[in-house]
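# Geometric and topological summary
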Amino acid sequence: MRVGIGYDVHVLEAGRPLVLGGVRVPYDRGLVGHSDADVLTHALVDALLGAAALGTIGEHFPDTDPRFRGISSLELLAESTRLLEEAGWRVVNVDAVISAQEPRLQPHLRSMAEALAGPLRVDPTCVGVKATSPEGLGALGRREGISAQAVALLEPKP
Ligand code: MG
């Protein structure tokens with residue numbers, strides 16, 4: 001088996017949609033990025049690629065490439081799953097934690113796990129998504145951004 005870790009952070013800005021784990025979360029601010037800036041899904045992509053030693057999200061989906069402008073990060077996740085399966089692996093489970101001062105994410109966590117399970121090609125019971133508060137500390141505590149960490153476990157395809 002192989003384990004991978006991923007981390008990402010994006011800046012919050014007024015008037016943008018907030019997308020986390022493929023779910024549109026109601027809030028007056030959203031994350032800034034070339035794609036939909038889905039920080040949770042980006043952390044997962046890096047965890048998957050890292051576990052299979054297939055490089056990084058920046059290598060596979062460069063923010064200089066117009067193909068990825070405004071794209072749903074679930075598409076990047078689906079392509080990452082395809083890449084690791086091509087390399088002889090499949091996903092056993094993933095787990096992730098979002099750090100956000102606002103908004104309250106608890107009511108959306110189950111929807112995120114369900115949205116992520118499809119492109120990961122696993123059952124939603126194999127997708128852990130949690131949220132924690134930075135308790136007002138630092139840039140995240142000042143609501144200047146949102147970060148996410150993820151781990152992924154892979155096993156050889158039968
Ligand atoms: Mg990112």
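Here, the structure is the one placed above.
Residues numbered from 1 in each chain as written. Predicted model: local features only at pLDDT ≥ 70, side-chain atom pairs only at ≥ 80, totals over all residues. Heavy atoms only, no water.

Attention now moves to the overall build of the chain. For the chain, the helix and strand inventory stands at five helices and seven strands. Ordering the α and β elements of the chain from the N terminus gives β-β-β-β-α-α-α-β-α-β-α-β. Taken over the C-alpha trace, the chain has a radius of gyration of 15 Å; the compact-globule value for 158 residues is 15 Å, and the two agree within 12%. A principal-axis box enclosing the C-alpha atoms of the chain has dimensions of 45 × 35 × 25 Å. For the chain, the proportion of its 158 residues judged to be buried stands at 48%. A separation of at least 24 residues holds for 71% of the contacts in the chain among residues at least 6 apart in sequence. About 7700 Å² of surface is accessible on the chain, with carbon and sulfur atoms providing 52% of the total. Between the averaged position of the 15 positive side-chain charges in the chain and that of its 20 negative side-chain charges there is a distance of 2 Å. (Helix = DSSP H or I, 4+ residues; strand = E, 2+ residues; numbered from the N terminus. Rg over C-alpha atoms; globule rule 2.2 N^0.38 Å. Buried < 20%, exposed > 50% of the residue type's maximum accessible area, 1.4 Å probe, protein only. Contact = heavy atoms within 4.5 Å. Areas by Shrake-Rupley, 256 points an atom, 1.4 Å probe, with all protein chains shown as cover. Lys, Arg positive; Asp, Glu negative; His and termini not counted. Charge placed at Lys NZ, Arg CZ, Asp CG, Glu CD.)

On to the coordination of the magnesium ion, then. Around the magnesium ion, the protein contributes the donor atoms Asp8 (OD), His10 (NE2) and His42 (ND1), at 2.0 to 2.3 Å from the metal centre. As a motif over one chain, the donors of the magnesium ion read D-x1-H-x31-H. The exposure class assigned to Asp8 is buried, which follows from its relative accessible area of 17%. (Donors = N, O, S within 2.8 Å, 3.2 Å for Na, K, Ca; no water.)

A separate point is helix 4 (residues 109-120). The end-to-end C-alpha distance of helix 4 is 16 Å, a good match for the 16 Å that 12 residues give at a rise of 1.5 Å each. Buried positions along helix 4 lie against strand 2 (18-20), strand 3 (23-25), helix 1 (39-51), helix 3 (73-86), strand 5 (89-99) and strand 6 (127-132). Phi turns positive, to about 60°, at Arg121, one or two residues after helix 4. (Expected span 1.5 Å × (residues − 1).)

A separate point is the environment of Gln101. If you trace the backbone, Gln101 turns up in the loop between strand 5 and helix 4. Judged by its relative accessible area of 27%, Gln101 falls in the partly exposed class. Each C-alpha atom, one on Gln101 and one on Gly145, is 8.8 Å from the other, the two residues being 44 residues apart in sequence. The contact partners of Gln101, leaving out residues within four places of it in the chain, are Ser133, Pro134, Glu135, Gly136, Leu140, Gly141 and Arg143. Within polar-contact distance, the side chain of Gln101 engages the backbone nitrogen of Gly136 at 2.8 Å. (Polar contact = N/O pair within 3.5 Å; in protein donor to acceptor, adjacent residues only side chain to side chain.)

This part takes up helix 3. Three or four residues apart is the spacing at which side chains of an α-helix point the same way, because the helix has 3.6 residues per turn. The first and last C-alpha atoms of helix 3 sit 20 Å apart over 14 residues, in line with the 20 Å expected at 1.5 Å per residue. What helix 3 keeps buried is the set Ser73, Leu74, Leu76, Leu77, Ser80, Thr81, Leu83, Leu84 and Glu85. Considering only its buried residues, helix 3 is in contact with helix 1, helix 2 (57-60), strand 5, helix 4 and strand 7 (145-156). Gly88, located one to two residues past helix 3, shows a positive phi value of around 100°.

What follows covers the pairing of strand 6. Bridge count between strand 5 and strand 6: six bridges; the pairing is parallel. Paired with Ala96 across the strands is Val129, a residue of strand 6. (Pairing = 2+ DSSP bridges.)

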